[in-house]
Amino acid sequence: MLYNRHALIESGGFSFWRGLPANHAGEDVVAQWQVMERFGGAGILPSGAVHLESPTTVTDRRVEAYDVVLGAKD
């Protein structure tokens, strides 16, 4: 993910990081959604899609950062 630094900072950046539990996943999604909510955005994935195509070292994905930071979405 590439960010306009100004947009990322104006949207809160990764200031939420210290409030996440150690076993979280998806902090990149929180930052992306916060930037898009404030400034809009465009991409090649459909709205609401989140990447998981690349291999990851995060094997425990029970705690999603967006649920902690943004609240669970029903």
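Thresholds applied
- Residues numbered from 1 in each chain as written.
- Predicted model: local features only at pLDDT ≥ 70, side-chain atom pairs only at ≥ 80, totals over all residues.
- Heavy atoms only, no water.
- pLDDT = per-residue confidence, 0-100.
- Helix = DSSP H or I, 4+ residues; strand = E, 2+ residues; numbered from the N terminus.
- Salt bridge = Lys/Arg side-chain N within 4 Å of Asp/Glu carboxyl O.
- Buried < 20%, exposed > 50% of the residue type's maximum accessible area, 1.4 Å probe, protein only.
- Phe/Tyr/Trp six-rings, centres within 6.5 Å; stacked < 30°, edge-to-face > 60°.

## A word on the confidence of the model for the protein chain
- In this model, the protein chain carries an average pLDDT of 81, and 74% of its residues clear a pLDDT of 70 or more.
- The weakest mean pLDDT in the protein chain belongs to strand S1 (residues 24-25) at 87; the strongest belongs to helix H1 (residues 5-10) at 94.

## Regarding the pattern of salt bridges
- Enumeration according to the criterion identifies two salt bridges in this entry.
- Residues arginine 62 and aspartate 60 are paired through a salt bridge, measuring 2.7 Å at the closest nitrogen-oxygen approach.
- In this structure arginine 62 comes out as exposed when scored by relative accessible area, which is 70%.
- Overall, the relative accessible area of 27% leaves aspartate 60 in the partly exposed class.

## Concerning the packing of aromatic side chains
- Throughout the structure, instances matching the rule amount to three aromatic pairs.
- A ring pair is formed by tryptophan 33 and tyrosine 66, whose centres lie 5.2 Å apart and whose planes are at 45 degrees; its orientation type is tilted. Highlighted residues: tryptophan 33 in helix H2 (residues 27-39) and tyrosine 66 in helix H3 (residues 65-70), separated in sequence by 33 residues.
- Overall, the relative accessible area of 27% leaves tryptophan 33 in the partly exposed class.

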